[in-house]
Amino acid sequence: MSSFKPLVFSGVQPTGNLHLGNYLGAIRKFVALQESHDCIYCVVDLHSITAQLVHDDLPGQTRAITAAFLASGIDPKKHIVFNQSRVSQHAELAWIFNCVARIGWMNRMTQFKDKAGKDRENASLGLLAYPSLMAADILVYRATHVPVGDDQKQHLELTRDIAAKFNNDFSQKIGELGLGVEMQAGDETVNGYFPLTEPLIDGPATRVMSLRDGTKKMSKSDPSDLSRINLTDDADAISKKIKKAKTDPEPLPSELGGLKDRPEAENLVGIYAALSETSREQVIAEFGGRQFSVFKPALAELAVEKLAPVAAEMRRISADRAYVDAVLRDGGERASAIAERTMKDVRDIIGLLDD
Ligand code: AQP
């Protein structure tokens, strides 16, 4: 039985300044995976217009995210870096997936409920269909692994559901065309064209929380800049934000279990563990019983040490717009070639004449 070639895909929206959550939950993992896998990393500009259509400077934001990828250590020659809208096959496959996915599946998505808020009727159709485009982003490359933060887990489950339904519905045709990989679907064996992609969500910072409220995710769109550490923040801003981070009056506990019901303390310990590449247990072993007046300066020093070089490199790369544009152009061409091979197969499987 053949199997799918391992391939990593992930994307980041150009909706604002990248923050520590994006960095620890996603981008740093992108960098690590380059050693073991072929990787495709995408600035998902089509996603950024689902919640808000008009942006002040979408091209500038797209270039800034690209610069952050490169500054963090993504190699655009060995791997592929591009912006989504350049490869029209993402949108083409998303349309097909709109016809595979069920409205009930989309209505259950918590991100849609959060972002649409109370005025659901007024949300764009694109916001509802967002997970279908995300499934297309991944499956147009038949990617097997997707590094993401915990908030994307539900969308990855939906991606698997879409792949499984497509494989089941077209199993016979996929087999006749000799395009499939034999896969188990319950008790049956089907000819699958799309892999059931695995999310890669691990480590101590899969959900970095707001510095102002430990129950809310750190987010680009939070109106308070004090809620997040931006990748572009300088050393003073990072130190100030950590100093002002909300905490409780108790010292850090001497056992990990003592972080329960202390979301702000738990968040800062998780951030320290992720930045120092250790575990929460080890952070508690080092700082258990210490006051935040000791822990916060240590965390600020560590954050500056790890993030300042990325910010400096981002500034250097951003100044060379021609280079950033050339990376996106080259990545787009290489991505298109793979995506078109998939779409050719998909058109054949469905019966859409294309020549
Ligand atoms: N707080 C977070 N902790 C860990 N990982 C996170 N990610 C986002 N926030 C956190 C991960 O970063 C990747 C890129 O995210 P995105 O740009 O696609 O959009 P998002 O998840 O909607 O991020 P934001 O910052 O919350 O943006 P806005 O405010 O525009 O909605 C993803 O892998 C995500 O899991």
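Residues numbered from 1 in each chain as written. Predicted model: local features only at pLDDT ≥ 70, side-chain atom pairs only at ≥ 80, totals over all residues. Heavy atoms only, no water.

Colleague: What's the story with the overall build of the protein in this structure? I'm lost.
Modeller: Secondary structure assignment for the protein yields 14 helices and seven strands. Taken over the C-alpha trace, the protein has a radius of gyration of 21 Å; the compact-globule value for 355 residues is 20 Å, and the two agree within 12%. For the protein, the proportion of its 355 residues judged to be buried stands at 48%. Considering only intrachain contacts with a sequence separation of at least 6, the fraction spanning at least 24 residues in the protein is 75%. (Helix = DSSP H or I, 4+ residues; strand = E, 2+ residues; numbered from the N terminus. Rg over C-alpha atoms; globule rule 2.2 N^0.38 Å. Buried < 20%, exposed > 50% of the residue type's maximum accessible area, 1.4 Å probe, protein only. Contact = heavy atoms within 4.5 Å.)

Colleague: Would you mind going over the domain arrangement of the protein with me for this structure?
Modeller: Much of the literature gives interface size as the accessible area that the parts lose upon coming together. Segmenting the protein into domains produces domain 1 (7-203 + 321-350) and domain 2 (225-317). Between the C-alpha centres of domain 1 and domain 2 there is a distance of 31 Å. Facing the 15 residues of domain 1 at the interface are 14 residues of domain 2. The junction of domain 1 with domain 2 conceals about 1,300 Å² of combined surface from both sides, 73% of it contributed by carbon and sulfur atoms. The tally of links from domain 1 across to domain 2 stands at zero salt bridges. Along the contact surface separating domain 1 from domain 2 lie three residue pairs in polar contact (both at pLDDT 80 or more). Residue assignment for the side of domain 1 that touches domain 2 shows that the elements contributing at least two residues are α1 (20-33), α3 (58-72) and α14 (321-350). For the side of domain 1 that touches domain 2, the leading source of residues is α3, giving six residues. Class assignment for the residues of the side of domain 1 that touches domain 2 results in 11 nonpolar, three polar and one charged. (Domains from an automatic or database assignment. Buried area = accessible area lost by both parts, 1.4 Å probe. Salt bridge = Lys/Arg side-chain N within 4 Å of Asp/Glu carboxyl O. Polar contact = N/O pair within 3.5 Å; in protein donor to acceptor, adjacent residues only side chain to side chain. Nonpolar A, V, L, I, M, F, W, Y, C, P; charged D, E, K, R; others polar.)

Colleague: Could you clarify how one ought to interpret the site of the ligand in this entry?
Modeller: Neighbouring the ligand are 23 residues; Lys115, Asp151, Ser219, Lys220 and Ser221 lie closest to it. Contact distances for the ligand include 3.1 Å between a nitrogen atom and a backbone N or O atom of Gly21. Notes on the ligand: free accessible area 650 Å², of which the protein chains cover 96%. Those elements that place two or more of their residues in the shell around the ligand are β1 (7-12) and α1. Ranked by the residues each element gives to the shell around the ligand, the list is headed by α1, at four residues. Class assignment of the residues belonging to the shell around the ligand gives a composition of six nonpolar, 12 polar and five charged. (Near = heavy atom within 4 Å. Areas by Shrake-Rupley, 256 points an atom, 1.4 Å probe, with all protein chains shown as cover.)

Colleague: Can you help me understand the packing of helix α11 (residues 263-275) against helix α12 (residues 280-287) in this one?
Modeller: Angle between the axes and distance between the axes are the two parameters that describe a pair of packed helices. Contact geometry for α11 and α12: axes closest at 8 Å, N-to-C directions at 105°. As the angle between them shows, α11 and α12 are arranged roughly perpendicular. Here Glu266, Val269, Gly270, Tyr272 and Ala273 of α11 lie close against α12, whose contacting residues are Arg280, Val283, Ile284, Glu286 and Phe287. A per-class count over the contact of α11 with α12 returns six nonpolar, one polar and three charged. (Axes fitted to C-alpha atoms, helices over the stretch in contact; angles between N-to-C directions. Parallel < 35°, antiparallel > 145°, perpendicular 65-115°, else oblique.)

Colleague: Please explain the packing of aromatic side chains as it appears in this structure.
Modeller: Geometrically, a pair of aromatic rings is defined through the distance of the ring centres and the angle of the planes. Applying the stated criterion to the full structure yields 11 aromatic pairs. Between Phe30 and Tyr41, the aromatic rings sit 4.4 Å apart at their centres with planes inclined by 10°, giving stacked as the arrangement. Here Phe30 is found in helix α1, whereas its partner Tyr41 is found in strand β2 (residues 38-43), with 11 residues between them in sequence. In this structure, Phe30 and Tyr41 share a single accessibility class: buried. Aromatic ring contacts, followed pair by pair, group Phe97, Phe166, Phe170, Tyr193 and Phe194 into a single cluster. The ring of Tyr193 carries Arg142 above its face, with NZ or CZ at 3.7 Å from the centroid. (Phe/Tyr/Trp six-rings, centres within 6.5 Å; stacked < 30°, edge-to-face > 60°. Lys NZ or Arg CZ within 6 Å of the ring centre and 35° of its normal.)

Colleague: Is there a simple way to think about the pairing of β1 in this case?
Modeller: Remark: a regular strand shows side chains that alternate across the two faces of the sheet. Where burial is concerned, most of β1 is hidden: five out of the six residues are buried. With six bridges connecting them, β1 and β2 associate as parallel partners. Following the sheet pairing, Gly11 is matched in β2 by Cys42. Following the backbone out of β1, through α1 and into the adjacent parallel β2, one traces a crossover that is right-handed. (Pairing = 2+ DSSP bridges. Right-handed = clockwise from strand over helix to strand, strands pointing away.)

Colleague: What is the right way to look at the environment of Arg316 in this model?
Modeller: Mapped onto the elements, Arg316 comes out in helix α13 (residues 292-318). Looking at Arg316, the relative accessible area reads 54%, which means it is exposed. Sequence spacing of Arg316 and Ala71 is 245 residues, and the spatial spacing of their C-alpha atoms is 8.7 Å. Side-chain polar atoms of Arg316 contact the side chain of Glu313, separated by 2.8 Å.

Colleague: Please clarify how the environment of Lys246 should be interpreted in this entry.
Modeller: The residue Lys246 is located in the loop between α10 (235-244) and α11 in this model. Each residue touching Lys246, except ones within four places of it in the same chain, is listed here: Leu211, Arg212 and Glu264. Among the polar contacts listed, one links the side chain of Lys246 to the side chain of Glu264, at a separation of 3.4 Å.

Colleague: In this structure, what is going on with the side chain of Arg347? I would like to understand it.
Modeller: Structurally, Arg347 can be placed in helix α14. Separated by 2.9 Å, the side chains of Arg347 and Asp354 make a polar contact. Not counting the four nearest positions on each side in its chain, Arg347 is found in contact with Glu92, Glu340, Leu352 and Asp354.

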